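Coordinates in review
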Amino acid sequence: MRTDYDALVLGAGVAGSSMAAMLAAQGWSTALMDRQRFPKHKVCGEFLSPESRLMLSAMGLTEKVESLEPHVISRISLFLARGGPIELPLPGTAIGVSRHRLDAALQRHAAAEGALLLQGGTVTAVIPYEHGYIVHVRQGGEVIEVTARIVVAAWGAGGQGRLFGRYDNQVEGGGRRKQRSVLAHERSSVGVKSHFVWPRSTDSPGDAVELYFFPGGYLGINGIECGRCNVAALLDREDIPRSHTTVEGMLKEAASRNAALQRRMRDAQLVQGTEAAVAPVRIGKHPAPWRNIPHIGDAIGRIPPLCGDGMSMGLRSAQLCAAYAHRYLAGEWTYEQWRMAYTRAISSQFSGPLRWGKAVEGMLRHPAASRLLPGLAKLAPRLACKFVEATRLRISSLSE
Ligand SMILES: Cc1cc2nc3c(=O)[nH]c(=O)nc-3n(C[C@H](O)[C@H](O)[C@H](O)COP(=O)(O)OP(=O)(O)OC[C@H]3O[C@@H](n4cnc5c(N)ncnc54)[C@H](O)[C@@H]3O)c2cc1C
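Every value quoted in this text rests on a predicted model; they were computed, and no experiment measured them.

What follows concerns the pairing of strand β11 (residues 208-214). Counted residue by residue, β11 has seven buried out of seven residues, so it is predominantly covered. Across the two faces of β11 the burial is the same, with Ala208, Glu210, Tyr212 and Phe214 and Val209, Leu211 and Phe213 all buried. Alignment of strand β4 (residues 71-79) against β11, held across five bridges, turns out to be parallel. Bridge pairing in β11 links serine 77 to glutamate 210. Bridge count between β11 and strand β12 (residues 217-223): five bridges; the pairing is antiparallel. Counterpart to phenylalanine 213 in the pairing with β12 is tyrosine 218. Joining the antiparallel neighbours β11 and β12 is a turn of two residues, in which glycine 216 adopts a positive phi near 95°.

In structure tokens:
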């Protein structure tokens with residue numbers, strides 16, 4: 001295997017695969033690495049927002065995604081713990097498609113553009129070296145050393161700061177004690193998902209993405225390919241009874257906490273083998289696009305899942321980062337120019353959605369929400385739409 005590249009992209013999710021495809025298409029030798037093997041089921045609502053579709057179209061991927069037979073979604077229905085649904089329009093047409101299909105399609109696209117895809121290799125260290133980096137990849141008991149001029153972190157929200165060792169602590173400032181104290185105040189959540197089918201298709205959510213709120217979390221349902229629906233939930237860890245150790249058990253228990261959800265899930269049948277779970281799920285407060293190396297996608301900071309916009313932020317950050325990385329690799333920009341331009345662009349485009357996403361999530365989960373919001377949304381529907389818009393990337397900024 002070749003071990004020297006222009007670019008290494010660490011993590012082959014939506015963000016990493018699209019980044020690798022763009023770099024390879026520009027003629028840079030690129031490797032895309034992931035510790036997992038694909039295709040695989042991943043915790044996600046599998047809702048591709050109108051903004052995500054716009055990004056995919058800008059990357060020339062509309063046909064490839066359409067060939068995955070996605071389900072068309074045109075409205076949102078919110079079900080709070082009590083009261084009737086709140087119906088809101090989407091700011092455009094969305095689609096539902098499984099990550100099992102989508103991630104594999106984006107990886108195939110990166111490979112077709114010329115990137116090497118290395119699966120099943122865990123990155124264990126990123127070490128600055130002369131004019132680039134050495135990356136350690138553990139695969140099958142062996143550690144391979146790969147070098148590259150640039151390395152991009154697309155490793156999701158798992159927090160891989162330890163890969164930089166002491167170097168990272170110096171740059172972050174604050175050290176381990178400060179990091180632990182911040183996390184100690186965060187709600188510890190578990191993300192779960194599975195595909196379901198309904199015996200009669202008329203019983204499924206149709207063209208709506210349905211969001212249900214209940215004490216201890218929330219859950220989303222929307223159609224995907226092949227007449228299936230994806231059901232994904234974010235649950236407070238301490239609220240999950242110890243007896244519920246399977247994804248199906250956790251979803252059923254969650255359904256019992258919202259009457260409308262219980263009715264919705266009554267006849268739903270789980271599609272075996274599509275379950276996935278992840279913990280802890282941490283939500284970002286401020287975007288962190290550069291820690292030693294550029295970060296893209298959830299590695300920058302995760303937006304609350306209820307916004308359904310994480311993938312569009314992953315695609316957008318990859319698009320920006322690839323354009324700036326090209327300038328650096330071509331010798332037009334210094335590393336510092338790239339860092340400053342990328343940090344500025346991400347801060348201006350992502351800070352609002354991250355901040356508002358957290359605020360809207362907090363508001364919808366508040367016990368008083370089910371008393372006040374349905375009436376408010378009817379009285380001031382435009383205000384409700386403004387809240388939805390504030391949690392999303394601005395369409396106008398996507399063309400920059
Ligand atoms: C419950 C839930 C529901 C959601 N619903 C939606 C939704 O409906 N719509 C939406 O747009 N977004 C949604 N999101 C957010 C969305 O899933 C993420 O924003 C998106 O997956 C981010 O993509 P990514 O490429 O940045 O990271 P990921 O998809 O997480 O990919 C990161 C990759 O890096 C790999 N990796 C990590 N560490 C290493 C390592 N050391 N070495 C090698 N590889 C490594 C991992 O294996 C993984 O494949 C949801 C999230 C949750 C938790």
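Additional details are given in the paragraphs that follow.
Below, the discussion takes up the packing of helix α9 (residues 310-329) against helix α10 (residues 335-365). Think of two packed helices as two axes; the pair is described by the angle between the axes and how far apart they sit. Closest axis-to-axis distance for the α9/α10 pair is 9 Å, and the angle between their directions is 165°. Comparing their axes, α10 and α9 come out roughly antiparallel. Our pair here, α9 against α10, has a crossing hand that is right-handed. Where α9 approaches α10, its residues Met313, Arg316, Ser317, Leu320, Cys321, Tyr324, Ala325 and Tyr328 are matched on the opposing element by Tyr335, Trp338, Ala341, Tyr342, Ala345, Ile346, Gln349, Phe350, Pro353 and Leu354. Grouping the constituent residues of the contact of α9 with α10 by class yields 15 nonpolar, two polar and one charged.

What follows deals with the packing of helix α1 (residues 14-25) against α9. Packing of α1 against α9 brings their axes to within 8 Å, and their N-to-C directions diverge by 30°. With respect to their mutual orientation, α1 and α9 come out roughly parallel. Our pair here, α1 against α9, has a crossing hand that is right-handed. Taken together, the residues of α9 that come into contact with α1 (itself represented by Val14, Ala15, Ser18, Met19, Met22 and Leu23) are Met311, Gly314, Leu315, Ala318, Gln319, Cys321, Ala322, Ala325 and Leu329. Partitioned by chemical class, the residues of the contact of α1 with α9 number 12 nonpolar, three polar and no charged.

Another aspect to go through is the packing of aromatic side chains. Throughout the structure, instances matching the rule amount to nine aromatic pairs. With 4.5 Å between their ring centres and 10° between their planes, phenylalanine 79 and tyrosine 212 make a pair best called stacked. On the criterion of sequence distance, the pair formed by phenylalanine 79 in strand β4 and tyrosine 212 in strand β11 is long-range, its members being 133 residues apart. Each member of the pair, phenylalanine 79 as well as tyrosine 212, carries the same accessibility label: buried. Connected via pairs of aromatic rings, a cluster forms that spans Trp290, Tyr328, Tyr335, Trp338 and Tyr342.

So, about the environment of glutamate 210. Among the structural elements, glutamate 210 can be located in strand β11. By relative accessible area, glutamate 210 is classed as buried at 5%. Once residues lying within four places of it in the same chain are set aside, the contact partners of glutamate 210 are Ser77, Phe79, Pro205, Leu219, Gly220, Ile221 and Arg264. A distance of 2.7 Å separates the side chain of glutamate 210 from the side chain of arginine 264, its partner in a polar contact.

About the thresholds
Residues numbered from 1 in each chain as written. Predicted model: local features only at pLDDT ≥ 70, side-chain atom pairs only at ≥ 80, totals over all residues. Heavy atoms only, no water. Buried < 20%, exposed > 50% of the residue type's maximum accessible area, 1.4 Å probe, protein only. Helix = DSSP H or I, 4+ residues; strand = E, 2+ residues; numbered from the N terminus. Pairing = 2+ DSSP bridges. Axes fitted to C-alpha atoms, helices over the stretch in contact; angles between N-to-C directions. Parallel < 35°, antiparallel > 145°, perpendicular 65-115°, else oblique. Left-handed = near helix turned anticlockwise from the far one by under 90°. Contact = heavy atoms within 4.5 Å. Nonpolar A, V, L, I, M, F, W, Y, C, P; charged D, E, K, R; others polar. Phe/Tyr/Trp six-rings, centres within 6.5 Å; stacked < 30°, edge-to-face > 60°. Polar contact = N/O pair within 3.5 Å; in protein donor to acceptor, adjacent residues only side chain to side chain.

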